[in-house]
Amino acid sequence: QVHVVESGGGLVQAGGSLRLSCEASGTTFSISVMGWYRQAPGKQRELVASMSTAGYTSGTKNYADSVKGRFTISRDNAKNTVYLQMNSLKPEDTAVYYCNAFAGAEAINYWGQGTQVTVSS
């Protein structure tokens, strides 16, 4: 079992920055990919950024086109924590952001409870 907890959301003005954190615990050795998703009201949950954390692709990052150049995903292995640095925030970035840990061998997704990010214009 893997447990993930997000933190760092809040209210920020357009053009501002926020950093989200996601700490994983439990059987973290089973995690192969960690990522951030978001869901705005009335919209489907979408991938924001992901990072491979195991195997020969470890460290490989993937970003949604809408956040490329503005958001950066990174990790601290010692803390089992993944970060999402969000710069140049726009009102359309407003959403609940969810951390995801994917255990590849078992094909199981683990989700955090979500953290609200609100960008005012």
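Let's shift gears to the nonpolar core. Met34, Trp36, Leu84, Met86 and Tyr97 are the most contacted members of the largest nonpolar core, which has 31 residues in total. For this core, the element with the most residues is strand E9 (residues 95-103), which contributes five residues. Not counting the four nearest positions on each side in its chain, Leu84 is found in contact with Leu18, Arg19, Leu20, Trp36, Val48, Ala49, Phe71, Thr72, Ile73 and Tyr97.

Moving on, we come to the layout of surface pockets. Its boundaries defined by the atoms lining it, the largest pocket holds a volume of some 170 Å³. For the largest pocket, the lining is made up of 13 residues, of which Met34, Thr53, Arg75, Asn77 and Asn80 are closest to its centre. For the lining of the largest pocket, the secondary structure elements donating two or more residues are strand E4 (31-39), strand E7 (71-76) and strand E8 (81-86). Classifying every residue of the lining of the largest pocket by side-chain character gives six nonpolar, five polar and two charged.

Turning to the pattern of salt bridges, a few remarks are in order. When the charged atoms of two side chains lie near each other, side chains of opposite charge can form a pair. Inspection of the entire model under this criterion finds four salt bridges. In this structure, Arg38 and Asp93 form a salt bridge, with 2.9 Å as the shortest nitrogen-oxygen distance. Of the two residues, Arg38 is situated in strand E4 and Asp93 in the loop between E8 and E9; the sequence distance between them amounts to 55 residues. Arg38 gets classed as buried once you look at its relative accessible area, which sits at 6%.

So, on to the sheet that holds strand E1 (residues 2-7). One open sheet accounts for four strands, arranged E1-E3-E8-E7; its pairing is antiparallel. One side of each edge strand has no neighbouring strand; the edge strands of this open sheet are E1 and E7. Pairwise comparison of adjacent strand axes, ignoring direction, gives a mean angle of 20° for this sheet.

One non-glycine residue, Asn80, lies in the positive phi region at around 50°. Judged by its relative accessible area of 33%, Asn80 falls in the partly exposed class. Even without glycine at this site, Ala107 takes up a positive phi of about 55°. Relative to the elements of secondary structure, Ala107 occurs in the loop between E9 and strand E10 (108-111). Given a relative accessible area of 55%, Ala107 falls into the exposed group.

So, how was this worked out
Sequence positions are assigned chain by chain, starting from 1 and proceeding in written order. Only residues with pLDDT of 70 or above have their local features reported here, since the model is predicted, and side-chain atom pairs are shown and tallied only from 80 upward, although totals for entire chains, interfaces and linings are computed over all residues. Water and hydrogen atoms play no part in the side-chain values, which are based on all heavy atoms of the structure. Definition of nonpolar core: a set of buried residues of the types Ala, Val, Leu, Ile, Met, Phe, Trp, Tyr and Cys, connected through side-chain atoms within 4.5 Å. Only protein chains enter the calculation, and the probe is 1.4 Å; a residue is then buried if its accessible area is under 20% of its type maximum, exposed if over 50%, and partly exposed in between. Under the scheme used here, helices are H or I runs from DSSP no shorter than 4 residues and strands are E runs no shorter than 2 residues, and both carry numbers assigned from the N terminus. By definition in these notes, contact holds between two residues if any of their heavy atoms fall within 4.5 Å. For each structure, a 1 Å grid was placed over the protein atoms alone; sets of points admitting a 1.4 Å probe that cannot get out are labelled cavities, open sets with protein on both sides within 12 Å along at least five of seven lines are labelled pockets, and lining residues have an atom within 4 Å of a point. Grid points are joined across faces, edges and corners, and a volume is the space filled by probe spheres set on the points. Side-chain classes follow a simple rule in which Ala, Val, Leu, Ile, Met, Phe, Trp, Tyr, Cys and Pro form the nonpolar group, Asp, Glu, Lys and Arg form the charged group, and the remainder, Gly included, forms the polar group. Salt bridges are counted wherever a side-chain nitrogen of Lys or Arg sits within 4 Å of a carboxyl oxygen of Asp or Glu. Whether two strands pair depends on DSSP finding at least two bridges between them. Axis lines are fitted through C-alpha atoms, for helices just across the contact stretch, and the angle between N-to-C directions can take any value from 0 to 180 degrees.

Just distances and angles here, no functional claims.
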